[in-house]
Amino acid sequence: MTSGDGRGTLWQRVTIAIPYLWLLVFFLAPFAIILKISFADPIIAQPPFTPLLDESGSPHITADNYTFLLTDKLYIVTYLKSVFMAAVATVLCLMLGFPMAYGIARAESAVRNILLLLIILPFWISFLLRVYAWMGLLNNYGLINNLLLWLGVIQQPVQLIYTDFAVYIGLVYSYLPFMVLPLYATLERMDPDLVDASQDLGASPAQAFRDITWPMARPGVIAGCLLVFIPAMGEYVIPYLLGGPESLMIGRVLFDEFFVNRDWPLASSVAILLLMLLVAPIAFLQRQRREEVEGG
Amino acid sequence: MTATEKTNNEAGGAPIIQVKDVSKHFGDFVAVDSVNLDIHRREIFSILGASGCGKTTLLRMIAGFESPTKGRIFIDGVDLTDVPPYRRPVNMMFQSYAIFPHMTVEQNVAYGLQKERAPRNQIASRVSEMLELVQLQQFRKRKPDQLSGGQRQRVALARALIKRPKVLLLDEPLAALDKKLREHTQFELMGLQDRLGITFVVVTHDQEEAMILSSRIAVMNEGRMDQVGTPKEVYEYPNSRFVADFIGTINMFDGSVESVQDGVMAVRCDAAGATLRAVSSSALAPGSHVCLAIRPEKIFISQEEPQSKWNTSLRGVVADLGYFGNLSLYRIRLENGKIVQVSAQNRRRSAERFLEWDDQVFISWTTQSVVVLPG
Amino acid sequence: MSRRRSGFTFSVLAFGYAFLYIPLVSVIIYSFNDSRLATVWGGFSTRWYGELMRNEQVLTAAFLSLQIAVVTATLSTIFGTMAGMALARFRRFRGRTLFSGMVTAPLVMPEVITGLSLLLLFVSLQQLIGWPAQRGFSTITMAHTTFALAYVTVIVQSRLAAMDESLEEAAMDLGGRPLRVVFDITLPLIAPAMVAGWLLAFTLSLDDLVIASFVSGPGGSTLPMVIFSKVKLGVTPDINALATLFIAIVSLGVVIAWWAALRSRR
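Residues numbered from 1 in each chain as written. Chains lettered and ligands numbered in written order. Predicted model: local features only at pLDDT ≥ 70, side-chain atom pairs only at ≥ 80, totals over all residues.

Quick word on the overall build of chain B
- Helices and strands together make up the secondary structure of chain B, namely 9 helices and 20 strands.
- Over its C-alpha atoms, taken along the principal directions, chain B stretches across nearly 75 × 50 × 40 Å.
- Residues classed as buried in chain B amount to 39% of the 375 residues present.
- Intrachain contacts of chain B at a sequence separation of at least 6 include 64% that bridge at least 24 residues. (Helix = DSSP H or I, 4+ residues; strand = E, 2+ residues; numbered from the N terminus. Buried ≥ 20, exposed ≤ 12 C-beta atoms within 10 Å, placed from the backbone. Contact = placed C-beta atoms within 7 Å.)

Laid out in structure tokens, this is it:
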């Protein structure tokens, strides 16, 4: 427990070693394997890809998968669309989540606990079942269409499900708690007198928000956005259950290449490219977290 | 070594803690710089300094939570520099008290003895004895969050003292207490120390606290030990500007030496517009820079011309005054603008003020009252 | 001190909570719908609950998922607590940055990538050393533990960082050796965080579809896999009943936890 002395007792070394080894084997090493397989060819065999060294012992490496991905229009569109949809979902989460987090942070302590509870509660309920719930609401004979028909707003059911719109709803619905909680944590630490002080000095509510609240909430905003954007990029279930044929997301494509087409090498290269897109945001998040936990 | 230090040493024998040339570096930052200390048995020794001067780091090295980058630490003659804290015969009272929140008062106090694997009944009786000593018997089954700050401090004390350590280290023991409680606790601590005969090493930034509690004070400045002495020595005979200024208030006059004759140094001070005199046996050459310093309570203030017994007299005007009940503080502006602080006891009981703003006054002092500090 | 309750904030909050809960409420209502057409009301009935209870496939899958979740939660809590302590208490050790990264990344890594990577690992291991011969319970558990332990680590690390370090120092000062101090002081004080971590890992494991799909074998399907195969085709009434049961159990659990926390604070 002495700072920076580097004196490692045996039990300290064991405490570090066990989770370290586990993560090295089960988290890090597999990425090397994905990389290796992404350079292989698919074959009808068990497992369905060419081994690294063939019978003569020379390495069998092909970059076919990558050249395909980088030139195939459909794949490029899918990658871009995934980034786009994840980004839009993140912004929507922020627009809804920020005022919510702000409202919860400002509430009196008794009410605040209940509000926090209610935000966390859906998170503990199966993610799959919650997406399923939206299927019921959005489909042509579902609650929303029935309501609109009954109100006379529309004459015929509107296609809500199996659209990009439904995917956005699903993404925001599932990831909202991931945006609200870090935002709440940051806003709660902010001294409420600061906003009052700025208004006392002549700032309008909008200016007070821009000058005081927003800059101070930035760490929470960044954390929340990363916690939504990164996993949303690779989402599979939501585009599958709620999306239509044009709601192309890379997670779904990867899954289909792997299970439907049995093309493991291609799926691997899809994963590697996706990872490359995500390395920067993940590293950024890691740095943020380190500052938050160890800097403060 | 002054006379007082000599007496302490003889009375106690060998010092119980010896810090030998200890330094602590954190990367490029030097927190503690070649400190040498001898702490004697049964004394209350304070390490005094501003925040960030390294005093807490030094204390933690004695406790064993930091290792010195250089130097050795001896406790009761044994080199314990590389020994971990759980094997040192010293115990610490933390600034935050560090009472274990998930244990009762009893369990907290018993913890140290349990680690010594003392027999059960012995633990029970010693815990009761300790709780009796700090007057917490009726709270023994309570949890820390049910106690006041002062009570929690007593639990921390009892928990540390029950192990009968050779030395008790205290990190800012009075910082978290309000004024009345602080005074009460000061005397309690001194009484406890006297009764138990344990050496106390106290770290504090509050010089009043250090002055009242300690038998000796060490003044620390940016990692270095500036002066070690009794409160009186440090107050009346500071050896540097820093120490003089840090302890209490002091007036400083910079000047150059005119002459040193018959044990009296004459210094030309432009700020005072006069030649000031101080008792000194130093052999400084004329022209050397010195600083003469005098405490506010050593200065006599009057509206009439002062008597001849005061060797030095200056004219000035009352620029500001403050009434504190038992004494009054005056800020006197001399002819060329320098401000001198004077304090005087309010001996006379009267509804009228003795002096008013803008009164013309004389401030006077004797040559013996002046301290010579390096320029 | 009264806060100017902004009308805007209030309405957004109301909208947000409505958005979160209306789907759940609708599922609960429709689980009691007598009609087979899940979206047309045919009268109040509990028949779907009965059908659910008789559905062998669902029950077997649920039992498997629960077993996996318990083992996962326990392993993740143990490893995650170790990792959290290592990061929060040991200042410098070799490979700390890598370790910290490996612990943060699973929090956000898309499940398709984690699932793919672990399946390929198991396949490679099988080729190399012959184990695991069959994919199923053990592979799913190992996969779940890998990503769940990241969450436990975050929770434990935050709790430790917020804890007064002088408590552990005081215990050492009083004669406690470092390992003793961990058991006497550290673990009791982070116990609530460990419990929260266990529950979180349990929930994540119980809920996981994608990773389980990758690393499971012909042996058995987990509950999410069964649910998914049913709902792929559209809304089905017995899933409504299952969802309602889930909501009820979780709500009960959360309320109990909240009440327990309230009582312990008093």
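Brief notes about the confidence of the model for chain C
- Averaged over every residue, the pLDDT of chain C is 87; residues scoring 70 or more account for 95%.
- For this predicted complex, the interface score ipTM comes out at 0.84, alongside a pTM of 0.81. (pLDDT = per-residue confidence, 0-100.)

Observations concerning the sheet that holds strand S8 (residues 199-204) of chain B
All names here are of chain B.
- Reading across the sheet, the 6 strands line up as S6-S7-S8-S3-S9-S10 and stay open at both edges, with mixed pairing between neighbours. Unpaired on one side and paired on the other, strand S6 (90-93) and strand S10 (224-229) mark the two borders of the sheet. Pairwise comparison of adjacent strand axes, ignoring direction, gives a mean angle of 20 degrees for this sheet.
- Note: strand S3 (residues 44-48) against strand S9 (residues 216-221), 4 bridges, orientation parallel. Opposite Ile 47, over in S9, you have Ala 218 as the bridge partner. (Pairing = 2+ DSSP bridges. Axes fitted to C-alpha atoms, helices over the stretch in contact; angles between N-to-C directions.)

Observations regarding the interface of chain A and chain C
- Listed as interface residues are 76 residues of chain A and, on the opposing side, 74 residues of chain C.
- Looking at the side of chain A that touches chain C, the elements that each hand over two or more residues are helix H1 (10-38), helix H3 (73-106), helix H4 (109-124), helix H5 (127-138), helix H9 (205-233), helix H10 (237-242), helix H11 (250-260) and helix H12 (264-295) of chain A.
- Top element by residues in the side of chain A that touches chain C is H1 of chain A. It accounts for 18 residues.
- Looking at side-chain class alone, the side of chain A that touches chain C contains 57 nonpolar, 15 polar and 4 charged residues. (Nonpolar A, V, L, I, M, F, W, Y, C, P; charged D, E, K, R; others polar.)

Notes on the domain arrangement of chain B
Residues and elements named next belong to chain B.
- Domains assigned within chain B are domain 1 (3-246) and domain 2 (251-374).
- Computed from C-alpha atoms alone, the centre-to-centre distance between domain 1 and domain 2 is 38 Å.
- Here the side of domain 1 that touches domain 2 is built from residues that sort into 3 nonpolar, 1 polar and 1 charged. (Domains from an automatic or database assignment.)

Observations regarding the sheet that holds strand S12 (residues 264-269) of chain B
Residues and elements named next belong to chain B.
- With antiparallel pairing, the 5 strands of this open sheet are ordered in space as S13-S12-S11-S14-S20. Edge strands, defined here as strands with exactly one partner in the open sheet, are strand S13 (274-279) and strand S20 (371-374). Averaged over neighbouring strand pairs, the angle between their axes works out to 45 degrees when direction is ignored.

Quick word on the pairing of S3 of chain B
Residues and elements named next belong to chain B.
- The buried fraction of S3 is high, at 5 of 5 residues.
- On S3, burial covers both faces: Ile 44, Ser 46 and Leu 48 on one face and Phe 45 and Ile 47 on the other are all buried.
- One ladder, built from 5 bridges, connects S3 with S8; its direction is parallel. In the sheet register, Leu 48 faces S8, and the bridge partner there is Thr 204.

Remarks on the pairing of strand S17 (residues 327-334) of chain B
Residue and element names in this part refer to chain B.
- Direction of pairing for strand S16 (residues 312-323) relative to S17: antiparallel, over a ladder of 7 bridges. Within S17, the position partnered with Gly 316 by the bridge is Leu 334.
- Hairpin connection, S16 to S17: the antiparallel pair is bridged by 3 residues, and Gly 325 has positive phi, about 85 degrees.
- Two strands pair when backbone bridges link them, and S17 and strand S18 (residues 339-345) are joined in this way by 7 bridges, in the antiparallel orientation. Across the sheet, Ser 328 pairs through a bridge with Ala 344, a residue of S18.
- Here S17 folds back onto S18 in antiparallel fashion, the turn holding 4 residues, of which Gly 337 has a positive phi close to 100 degrees.

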